[in-house]
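# Observations on the three-dimensional arrangement
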Amino acid sequence: MLIVQKLYIKDFLRVFLILGLGISLLFSIIGFIDRFDELMPGNPSVFVLFKYIAFHVPKYLSFVMPMAILLSALFIFTQAKSRREIVAIKGAGGKINRIMSPFLIIGILMSLIGFFLSEIVVPVLSKEISSIKKQLSKKDSRIVFREGTVFMKGKEGAVVRFALYLDDRNLARGVSIYKYDGDGLKEKIEAEIAHWEGRQWRLKNVNIFNVSEGSSIYKEDMLSDVIESPKILQKESLKTEEMTIIELLQYEKRLHEAGFKNNKLAVDIASRFSYPLINFFMIILGLSLSTGAEKGLLQKILHAKPEGKYLSSGGIIATGFGLIISVVYWVGYTFFLSLGYAGTISPEIAAWGMPIAYSICSVYLYRQIPQ
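So, a few notes on the structure that sits alongside this text.

## Topic: the packing of helix α8 (residues 263-274) against helix α13 (residues 347-367)
Orientation of α8 relative to α13, taken along the N-to-C sense of each, is 30 degrees, at an axis distance of 7 Å. With respect to their mutual orientation, α8 and α13 come out roughly parallel. Our pair here, α8 against α13, has a crossing hand that is right-handed. Contact residues: Ala-266, Val-267, Ala-270, Ser-271, Phe-273 and Ser-274 in α8; Pro-347, Ala-350, Ala-351, Trp-352 and Pro-355 in α13. Here the residues of the contact of α8 with α13 are counted per class, giving nine nonpolar, two polar and no charged.

## Let's talk about the packing of aromatic side chains
In total, this model carries 17 aromatic pairs according to the counting rule given. Between Tyr-329 and Tyr-358, the ring centres sit 4.4 Å apart and the planes meet at 45 degrees, which makes this aromatic pair tilted. Of this pair, Tyr-329 sits in helix α12 (residues 314-342) while Tyr-358 sits in helix α13; the two residues are 29 residues apart in sequence, bridging distant segments of the chain. When its relative accessible area of 1% is taken as the criterion, Tyr-329 is described as buried. Put simply, the rings of Tyr-8, Phe-12, Phe-16, Phe-77 and Phe-103 touch in pairs and so form one group of aromatic residues.

## Observations concerning the nonpolar core
Among the nonpolar cores identified, the biggest contains 48 residues, and Tyr-8, Phe-12, Ile-69 and Phe-103 are the most heavily contacted of them. Sorting the residues of this core by element identifies α1 (3-34), α3 (46-82), α4 (85-91), α5 (96-137), α9 (277-290), α12 and α13 as the ones contributing at least two each. Of the residues forming this core, the biggest block, eleven residues, is contributed by α3. Contacts of Ile-69, omitting those with residues within four sequence positions, involve Phe-12, Phe-16, Met-110, Asn-279, Met-282 and Ile-283. Ranked by size, the runner-up nonpolar core spans 33 residues in total, among them Met-152, Leu-171, Tyr-251 and Phe-260.

The rules we used
- Residues numbered from 1 in each chain as written.
- Predicted model: local features only at pLDDT ≥ 70, side-chain atom pairs only at ≥ 80, totals over all residues.
- Heavy atoms only, no water.
- Axes fitted to C-alpha atoms, helices over the stretch in contact; angles between N-to-C directions.
- Helix = DSSP H or I, 4+ residues; strand = E, 2+ residues; numbered from the N terminus.
- Parallel < 35°, antiparallel > 145°, perpendicular 65-115°, else oblique.
- Left-handed = near helix turned anticlockwise from the far one by under 90°.
- Contact = heavy atoms within 4.5 Å.
- Nonpolar A, V, L, I, M, F, W, Y, C, P; charged D, E, K, R; others polar.
- Phe/Tyr/Trp six-rings, centres within 6.5 Å; stacked < 30°, edge-to-face > 60°.
- Buried < 20%, exposed > 50% of the residue type's maximum accessible area, 1.4 Å probe, protein only.
- Core = buried A, V, L, I, M, F, W, Y, C linked by side-chain atoms within 4.5 Å.

Here is the structure:
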């Protein structure tokens, strides 16, 4: 590896860490301030507050990584171009693509790091954050959620189990309700399906077992007032960001086996694979725009001459053009995800449509880098 490559890599990583960690820490502090009133009643120690802020940083870092990568690449190579370093490299017989080749490897590593953050670090720390919130609110967790199965403390001391819970439909399958008295288990209720009707859950195909009497009866349907409302379930159940891709896939498999389809879940799973790739193409875009690749495209769009004054202010054009493309990407990506959640387009198109289009654009600009 050439000395100049090592210097560019060192500068790139330094700027990326400053931007990525700085912005992530700022967002984490803002989030803490926003929830200050919810956390303070628990009289948390400084260490607990520090953990709360620090545990949010990886989550925000996974979000801001693409922008930090783009801005870092733009900054480093735009500065190099303004100092005529690119001209010197060309004059010495060097190839720009060769100088930038290590950054393609860095882009791949950044995508892997993004995947590692979203699949390993963020789910673990999100669960820790939820634990801290519950500890500070001094409320015992009443619900345990895992891969669609729900265990909860119901009303009147009952224990409730949903073998499969669909939060988007307020529907549960494989319902078991255990009622206790001073002597232990008093009654067990099993139902095939439970559906929320606004104020109570309606159970269907119900078997009621009276443990003390050793008898059982069957009912086609009945209302139950011991199960908590879906609002409580949604508030305390495991969030998507707290689940790894394996847990999401297992949850989706159980839904398919039960004959259900959750569009939002399918889109979230697909986006877990497509989202980290943004980092790789962001670095390609940053390299392309900072070394003059945008001039060829702008010439075609604006029918301008290469020596025009407008195109000579490369740093401003590169940064502005890059940010515009980034904003367009984020808006388009979010819009596609929304269409996928609504079922308007398939989950695959929702998650991969913009990244594929974006990759084509990035590769095209990279090929336009003047040698």
